[in-house]
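Chains, contacts and geometry: an overview
Residue-level listing of the chains:
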Amino acid sequence: MRTMIRRSLNLSIALLLAVSSVGAQGRGASIDVTRQTRTALAHGDLAAARRLAETTTADDASRAVALALVDMFQGKDAEARERLTPFADRLPLGDASLELGLLDIRTGRVAEGRRRLDPMANVRNFPGPDDYFRLARAATGIREFLLANDAYQRTADVRRADIQTAWGDIQLERHGPADAVTSYRQALQIDPAWVPAYVGLARALSDDARPESKAALAKATELAPEHPDVALATAEMQLEGEDAAAASAALDTLSRVKPNSVEEAAFRAAIAYKQGGTAAAESAVARVTALNPSSPLGFRLAGEQAARQYRFDDAAALAKKAVAIDAGDPLSQFDLGLYLTRTGDEAAARTALLASWDLDKSSAVTKNLLTVLDHLDTFDVVPHNEFIFKFAKDESAVLRTYALPLADEAYRQFSERYGIKPVGPILVEVFPIHDDFAVRTLGLPGLVGALGACFGRVVSMDSPKARPPGEFSWQATMWHEIGHVFSLQASDYRVPRWLTEGISVYEEYRRQPAWGRELALEYARALSEGKNFGVKKLPQAFKRPESLSLAYFEASLVVEDLVAQNGEAGLRTLLRAYADGATDADAFVKAFGRNIDEVEASFKTFVDKRYGALAEAMRVPKPEVAADDVPGLRARAQASPGNYVSQMALAVALLKNDDLDGAKAPLERAANLAPQAQGDSSPRALLGQIAETQKDPDRARREYRALLTYDHTNVNVARKVATLAAAAGAADEETAALKLVSDLDPFDAGVHGKLGGRLLAKNDAAGALLEFQASIALGAPNPAEAHSDVAEALIKLGRPAEARREALLALQAAPTFSRAQDLLLKAEGK
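What you are looking at is a predicted structure, and each value in this text was computed from that prediction instead of being measured. (Residues numbered from 1 in each chain as written. Predicted model: local features only at pLDDT ≥ 70, side-chain atom pairs only at ≥ 80, totals over all residues. Heavy atoms only, no water.)

An order of 1-2-3-5-4 is seen for the five strands of this open sheet, with the pairing classed as mixed. Every other strand in the sheet has two partners, leaving strand 1 (380-384) and strand 4 (452-454) as the edge strands with one partner each. Recorded for the sheet is a direction-independent mean angle of 15° between the axes of neighbouring strands. Of the pairings in the sheet, the one linking strand 1 to strand 2 (residues 387-391) comprises five bridges and is antiparallel in character. Within strand 2, the residue paired with Asp380 across the bridge is Phe391. The strands that helix 22 (residues 393-418) touches are strand 1, strand 2 and strand 3 (426-431); relative to strand 2, the one it contacts most, it runs at about 155°. (Pairing = 2+ DSSP bridges. Helix = DSSP H or I, 4+ residues; strand = E, 2+ residues; numbered from the N terminus. Axes fitted to C-alpha atoms, helices over the stretch in contact; angles between N-to-C directions. Contact = heavy atoms within 4.5 Å.)

When the terminal C-alpha atoms of helix 21 (residues 364-377) are compared, their 20 Å separation across 14 residues agrees well with the 20 Å that a helix rising 1.5 Å per residue should span. Within helix 21, the full set of buried residues consists of Val365, Thr366, Leu369, Leu370, Val372, Leu373 and Leu376. Seen from one end, helix 21 has its buried residues packed into an arc of 160°, which puts them on one side. The inward-facing, buried residues of helix 21 contact helix 19 (330-343), helix 20 (346-359), strand 2, strand 3 and helix 23 (434-442). (Expected span 1.5 Å × (residues − 1). Buried < 20%, exposed > 50% of the residue type's maximum accessible area, 1.4 Å probe, protein only. Arc of directions from axis to C-beta.)

Counting across every chain of the model gives 20 aromatic pairs. Between the aromatic rings of Phe379 and Phe431, the centroid separation amounts to 5.8 Å while the plane-to-plane angle is 55°, which identifies the pairing as tilted. Here Phe431 lies in strand 3 and Phe379 lies in the loop between helix 21 and strand 1, a separation of 52 residues in the sequence. In terms of burial, Phe379 and Phe431 fall into one category: buried. Every member of this aromatic cluster is reached through a ring pair, and the members are Phe387, Phe389, Phe391, Tyr411, Phe414, Tyr418, Trp479 and Phe486. The ring of Tyr509 carries the charged tip of Arg517 above its face, separated from the ring centre by 4.0 Å. (Phe/Tyr/Trp six-rings, centres within 6.5 Å; stacked < 30°, edge-to-face > 60°. Lys NZ or Arg CZ within 6 Å of the ring centre and 35° of its normal.)

Glancing now at the pattern of salt bridges. All told, the structure shown has 68 salt bridges when counted by the stated rule. The partner of Glu212 in a salt bridge is Arg185, and the shortest N-O contact between them spans 2.9 Å. With Glu212 in helix 13 (residues 210-223) and Arg185 in helix 11 (residues 177-190), the pair connects residues that are 27 residues apart, well separated along the chain. Residue classification places Glu212 among the partly exposed positions, given a relative accessible area of 43%. Since its relative accessible area comes to 38%, Arg185 is described here as partly exposed. The partner of Arg440 in a salt bridge is Glu429, with the nearest N and O atoms 2.8 Å apart. One end of the pair, Arg440, is in helix 23; the other, Glu429, is in strand 3, and 11 residues separate them in sequence. With respect to class, Arg440 is no different from Glu429; both count as buried. A network of salt bridges, in which partner residues are shared, links Arg35, Asp130, Arg160 and Asp162. (Salt bridge = Lys/Arg side-chain N within 4 Å of Asp/Glu carboxyl O.)

Bear in mind that shape data such as this cannot, by itself, settle questions of function.
In structure tokens form, the structure reads like this:
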């Protein structure tokens, strides 16, 4: 899973265009000319702004500020400084001094800038919103973010697009995109032509609402195609979309309309990293340093690009260089801390995050990450072979019983399959609270949908307690994320997202055929409507939240077809091609000698063969029939016996009329048409419920067992099967059902001892041992019996010394327990 922390620029152009009061410079015409000039610039009308500034009848100081704003908009900072300096010296609390102070800081004259802004931040006389706004801007310039936010709070109800946009900028920069969106939208309600607000909105929405983000940027481009903010945001969005050429073109536009900006140079460094790695980025940062020796932005953006490519070691190294330039920049310190968490160096990450927090106590994301690191300090640390696991203390004894052997199995299989021993150790952190996992992953709670994340050699994931039993398989999640470790490292972190996710979902399916196939019916329905993606469209599908789930599924099918056509060696060759820098089109040719059109054609054949019949069954039936029109539904079902939807609609209507016997036939047809159907409303589940109602436990067991073939997370049905199988004396079925319950809900204390006994009776001593150990970890009600069970399993495994220890523990609990005495003698060879 990939989602990147939102990022904004230092002292964005929009902030520099904000309105401030004239203070000691007077009122009337002076207010009009500065505000009007700023408004014209915010609308992208440079000619009008220049005309207003040049023809104003306002006082000289106001005219100088207006002309300086026009100069800075065009990148003419030297000219702006020359205009502002005499009036800033004369009026140290006026607008000229504010603009010059911000300009000084932006161009590397930090001491001079602070000297001008510090007195403004100390002013406490606020007759109106302009004065609060001046305070907010000055406080932002000297990194007093809490003070700036307090000042903006005082202007929350002021109907000024400039104020609301500037507040949005600071919120976005402090990792608060939701609050920023509110401010930008308020600005646009006040002035629908305020370009910086559209730009800010595009940035704030780019992670979670990409269509709206694109629409906002398109509107800004329509209003002011030559606006520097528009060019810069376009470059940013194109780079995030992995189109370096388009990003470079946008920066060319920025260079033309506003030459020699630090932001342009910094984004060139990010592109340089994408195209040539760390050495290229460092070379490009030289231009940033030449423009502003105190700016860490070049290394920050290059580090962001490295992180976007999952090269977190590079990202951390670049962030360290940013900190070396400006240790007082909370964003650079935050970046370093974030990237170090993703390399697994949590001690160093804490140091950087604490430094960021000391510099900026307004950042909720920084606080969240520090809190999660505090929680992790309470976890059990379990080194194991190539892994280091971290479990919550009250879960550790149980989870390690299952997680460690599963991880070993994954490592063995994937090492052989992908031909690598990944750089490690592989850190796996298992969180009992989903929001802790979300913060560990993204810095914010509320992450929806994701169960695990991999950063190359760090895995974070939900534990079984993070969600109600039956919502997911934590073992499938861990298998999936460890799969990412191998595909990422085998490709030198260049594998595209669609492929690494496709490989991991395919690997789930390969280990357990029900894993990774939960969306079979939904995919077949999309296929029936021509809404699947195909190989060419998969990369874009992964960029749209609404299509993400099906994109995962279809990507796994692409991988399955590639392996079927070219074998495991072909998949390794494909990953190596990406490691060498190939694009999708080049990689297929290098790996398989086939172009993307040929791969697409092969995949279409594969999908039609695998899912064509199911797609036909899932088509929306014609004609439409009301849900309670039983005769109409019956006629439609009889006319289309191969249509799953028609059969289910009839069955549901009959069940609502309590016609259980009548519902059986359409349910059976539906079950045969789509055996992959899952959930309590699926054909097999409903047939099982009917059988239970009609006192037919054998059929109920049979239907539920068939349901579990695909519905592998349905823990409640697994418990039913175990109960029904036990009553029928069907030992193998009971064992299989208990095993599924144990996998899905390892904290169900009652299942482990029972399952262990079943496995021991089948001479599966290793499997029995795991269950007996889990039973003890959960506090077995009969410790003597539980330790005796462990001892018996250990004896069968040929581990007498350990068996002796367990037998003695059993006798401590019950000194006269004859079974424990017998086992002790066996362990001692007597």
